[in-house]
Amino acid sequence: MSDLSHHAPDITSHPDVPEMRERYARLVGGRQAVALDGLVLLTGLYAAISPWVVHFRVTSPELTVNNLIIGLVLAVIGLGMTRVPERMYQLTWTCAAIGVWLIISPWVVTAGHSATAGLIWNNVWLGAVTFVLGLAATRLAMTAEQQQAASK
């Protein structure tokens, strides 16, 4: 008759234990990055639809096109950071640059027209959030590079 007792096997001598521990550490450390990437993606999607949310697509068609394009670019960067982080984390600084552009774009794009207060506040807050997320993503990427260099 076979032994059906339930005792946990000792896997510390298994040859794949170091690789499994390294993979687990990478998975646990990547949770912050995934949350940050998701926030960048959502910020980009909001930037793309903001002309319809804040209702300035008719009064400022130039800024509508600007926010749509910038929002889609930001969403693609966020999606890329989620899907292929090892390639995209070198581009995280562009999120901060996009944030600065979103802050100044109501005055630059609508230079001949007067921008409304809602339009300005929308883009300033959106730009500030994007700038902070870009700085956080850049810091996270630099920390990951330093840890990777130290482990070699």
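The structure reproduced in this document is the subject of the present report. Keep in mind the model is a prediction, meaning the values are calculated, not measured. (Residues numbered from 1 in each chain as written. Predicted model: local features only at pLDDT ≥ 70, side-chain atom pairs only at ≥ 80, totals over all residues. Heavy atoms only, no water.)

### Quick notes on helix H4 (residues 93–109)
Phase 1: With 17 residues, H4 should cover 24 Å at 1.5 Å per step; its first-to-last C-alpha distance of 23 Å lies within 8% of that length.
Phase 2: At Ile103, H4 shows its maximal kink, close to 45°; a proline, Pro106, follows between one and four residues later.
Phase 3: Listed in full, the buried residues belonging to H4 are Thr94, Cys95, Ala96, Ile98, Gly99, Leu102, Ser105 and Pro106. (Helix = DSSP H or I, 4+ residues; strand = E, 2+ residues; numbered from the N terminus. Expected span 1.5 Å × (residues − 1). Bend = angle between axes of the 7 residues up to and from the residue. Buried < 20%, exposed > 50% of the residue type's maximum accessible area, 1.4 Å probe, protein only.)

### Here's the deal with the nonpolar core
When a protein is soluble and globular, its nonpolar side chains tend to lie buried together.
Phase 1: Val40, Ile77, Met81 and Ile98 are the most contacted members of the largest nonpolar core, which has 17 residues in total.
Phase 2: Elements that contribute at least two residues to this core include exactly helix H1 (17–53), helix H2 (61–83), H4 and helix H5 (117–151).
Phase 3: When neighbours within four sequence positions are excluded, Ile77 is seen to be in contact with Met88, Thr94, Cys95 and Ile98. (Core = buried A, V, L, I, M, F, W, Y, C linked by side-chain atoms within 4.5 Å. Contact = heavy atoms within 4.5 Å.)

### Quick notes on the side chain of Thr138
Phase 1: Residue position: Thr138 is located in helix H5.
Phase 2: A polar side-chain atom of Thr138 sits 2.8 Å from the main-chain carbonyl oxygen of Gly134.
Phase 3: Apart from residues no more than four positions distant in its own chain, Thr138 is found in contact with Thr92 and Trp93. (Polar contact = N/O pair within 3.5 Å; in protein donor to acceptor, adjacent residues only side chain to side chain.)

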